[in-house]
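# Structural features, examined
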Amino acid sequence: MSVLVVGSIALDTVKTPIEEHADLLGGSASYAAVGASFFSPVQMVGVVGEDFPTAHVDYFKSRQIDLEGLQIVPGKTFRWSGEYMWDLNTRETRSVDLNVFEHFEPKLPASYRTTPYVLLANIGPNLQSHVLDQMDKAKFVIADTMDLWIKIANADLIALLKRVDMIILNDSEARQLTGETNLIKAGAAIRAMGPRFVAVKKGEHGCLLFGEHKFFSCPAYPLEDIHDPTGAGDTFAGGLTGWLAAQDPAEVHFEVLRKAVVHGSVLASFNVEKFSLERMRTLTQEDIAQRYEMFRIMSHFEAIE
Ligand code: AMP
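Criteria and thresholds
Residues numbered from 1 in each chain as written. Predicted model: local features only at pLDDT ≥ 70, side-chain atom pairs only at ≥ 80, totals over all residues. Heavy atoms only, no water. Phe/Tyr/Trp six-rings, centres within 6.5 Å; stacked < 30°, edge-to-face > 60°. Buried < 20%, exposed > 50% of the residue type's maximum accessible area, 1.4 Å probe, protein only. Lys NZ or Arg CZ within 6 Å of the ring centre and 35° of its normal. Pairing = 2+ DSSP bridges. Helix = DSSP H or I, 4+ residues; strand = E, 2+ residues; numbered from the N terminus. Core = buried A, V, L, I, M, F, W, Y, C linked by side-chain atoms within 4.5 Å. Axes fitted to C-alpha atoms, helices over the stretch in contact; angles between N-to-C directions. Near = heavy atom within 4 Å. Polar contact = N/O pair within 3.5 Å; in protein donor to acceptor, adjacent residues only side chain to side chain. Areas by Shrake-Rupley, 256 points an atom, 1.4 Å probe, with all protein chains shown as cover. Nonpolar A, V, L, I, M, F, W, Y, C, P; charged D, E, K, R; others polar. Left-handed = near helix turned anticlockwise from the far one by under 90°. Contact = heavy atoms within 4.5 Å. Arc of directions from axis to C-beta.

Here we take up the packing of aromatic side chains. By the definition in use, this model includes five aromatic pairs. Judged by centre distance (5.8 Å) and plane angle (20 degrees), the rings of Phe101 and Phe104 are stacked. When its relative accessible area of 13% is taken as the criterion, Phe101 is described as buried. An aromatic cluster is built from Phe78, Phe101 and Phe104, whose rings are joined through pairwise contacts. Seen from the ring of Phe38, Arg63 lies directly overhead, with NZ or CZ sitting 3.9 Å from the centre. Positioned over the ring face of Tyr59 is Arg281, at 4.2 Å from the centre of the ring.

And the structure:
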């Protein structure tokens, strides 16, 4: 089954304590669409300017991503720049140039309106809702968000939460959204706002999945060599949704989402090994299967006899 992905497509400048690279392919939709493409056909909705390198468009095509929903308009592509502190966990945004993103209005081609799995990658919640307005009833809708929208578009985000099956956010955002310091309480409070499932990402410490009276803690892969954490969350969301769409269960239940969350974590763990989407270019199905197995072995333990 196909996945529709909407989000930002960007040219990023990223600085870590060791390296700095400019004009990298980035954006929430880029990471999410490429992540999902390892498992399912993907349709991508986004906007870029005329300066967007053809090589990046060709890369999306090489991943079999359908680009009928990609708008190429006069002006410059959205640009974002961020700097990581020594722990590679804390990040500061250095600059944001919205450019063509400022007037972006997602328009769904007719062939996208019945796509069963929808990933609303990180963009303003009003735009995410606008995508849902154009869809016939999707089978499963997942949304990602960020601290900015909790702060400046809270009412839009609360309205969106009533329309999605699953929300993905990080631990500090879950606390910010609910006012709860405890993540278990925060997960329950977010479920009460609408989504049946909540995934709370904890960066290098993995992720928590909440369902009705159900809880799963997915570990993070113990990587020694992280080069660029940018897009880990988006790749996680893409891998999760793509794998879920490939299974296409009659009903999406907690047990299948546990495995989907691990697949998202596997993809994210590869993505941070190199800058931008570089690691995705050489990633194979065998790499994915091997790391999934490592995750499984790592988190398994025996009952007391
Ligand atoms: P993450 O590391 O998961 O937070 O995602 C980083 C990506 O999000 C970068 O490639 C940026 O281009 C993109 N990004 C940064 N700010 C925004 C924003 N306000 N809206 C949409 N995408 C953004």
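So, on to the pairing of strand β3 (residues 20–26). The pairing of strand β2 (residues 10–15) with β3 spans five bridges and is antiparallel. Of the residues in β3, the one forming a bridge with Ala10 is Gly26.

Moving on to the pairing of β2. Within β2, five of the six residues are buried, which leaves the element mostly enclosed by the surrounding structure. Two successive antiparallel strands, β2 and β3, enclose a turn made up of four residues.

On to the nonpolar core. With 59 residues, the main nonpolar core has Phe140, Met166, Leu240, Leu257 and Met280 as its most contacted residues. Per-element tally for this core: the top contributor is helix α9 (residues 254–271), with 10 residues. Within the second largest apolar cluster, 43 residues are counted, among which are Leu160, Ala174, Val198 and Phe210.

In sheet architecture, strand pairing relies on hydrogen bonds along the backbone and comes in two forms, parallel and antiparallel. Spatially, four strands are ordered β3-β2-β6-β7 in an open sheet, and the strand pairing comes out mixed. Each having just a single partner strand, β3 and β7 (91–97) make up the two edges of the open sheet. Taking each pair of neighbouring strands and ignoring which way they run, the sheet shows an average axis angle of 20 degrees. As defined by bridge partners, β2 adjoins strand β6 (residues 78–84) across six bridges and the pair is classed as parallel. Its bridge partner being in β6, Ala10 is matched across the sheet by Phe78.

Looking now at the site of the ligand. Around the ligand, 17 residues are found, and the nearest of them are Ser8, Asp12, Gly27, Gly231 and Asp234. One nitrogen or oxygen atom from the main chain of Gly231 is found 2.8 Å from an oxygen atom belonging to the ligand. Between the ligand and the protein, one listed contact pairs an oxygen atom with a side-chain N or O atom of Asp234 at 2.8 Å. For the ligand, whose free accessible area comes to 500 Å², the fraction covered by protein is 88%. Among the elements of the structure, β2, β6, α4 (147–152) and α8 (232–247) are those that each provide at least two residues to the shell around the ligand. Taken together, the residues of the shell around the ligand break down into seven nonpolar, seven polar and three charged.

Right, let's talk about the packing of helix α6 (residues 171–178) against helix α7 (residues 183–192) for a bit. Packing of α6 against α7 leaves a shortest axis separation of 9 Å and a crossing angle of 60 degrees. Once α6 is placed against α7, the crossing between them reads as left-handed. Residues Asp171, Ala174, Arg175, Leu177 and Thr178 of α6 form the contact with α7, whose participating residues are Leu183, Ala186, Ala189 and Ile190.

With that out of the way, let us pick up α7. The α-helix advances 3.6 residues per turn, and as a result positions three or four apart in sequence lie on the same side. Every buried residue of α7 is listed here: Leu183, Ala186, Gly187 and Ile190. Take α7 and look down its axis: the buried residues cluster within an arc of 100 degrees, on one side only. Among the exposed residues of α7, those pointing more than 90 degrees away from its buried face are Lys185 and Ala192. Summarising the contacts, the buried residues of α7 are in contact with β10 (166–170), α6, β11 (197–201) and β12 (207–211).

The nine strands lie next to each other as β5-β4-β1-β8-β9-β10-β11-β12-β13, forming an open sheet whose pairing is mixed. The sheet is open, and its two edges are formed by β5 (65–73) and β13 (214–218), each paired on a single side. Pairwise comparison of adjacent strand axes, ignoring direction, gives a mean angle of 15 degrees for this sheet. Sheet topology note: the strand β8 (residues 117–120)/strand β9 (residues 140–144) ladder contains four bridges and is parallel. The residue of β9 that forms the bridge with Leu119 is Ile142. The strands that α7 touches are β10, β11, β12 and β13; relative to β12, the one it contacts most, it runs at about 45 degrees.

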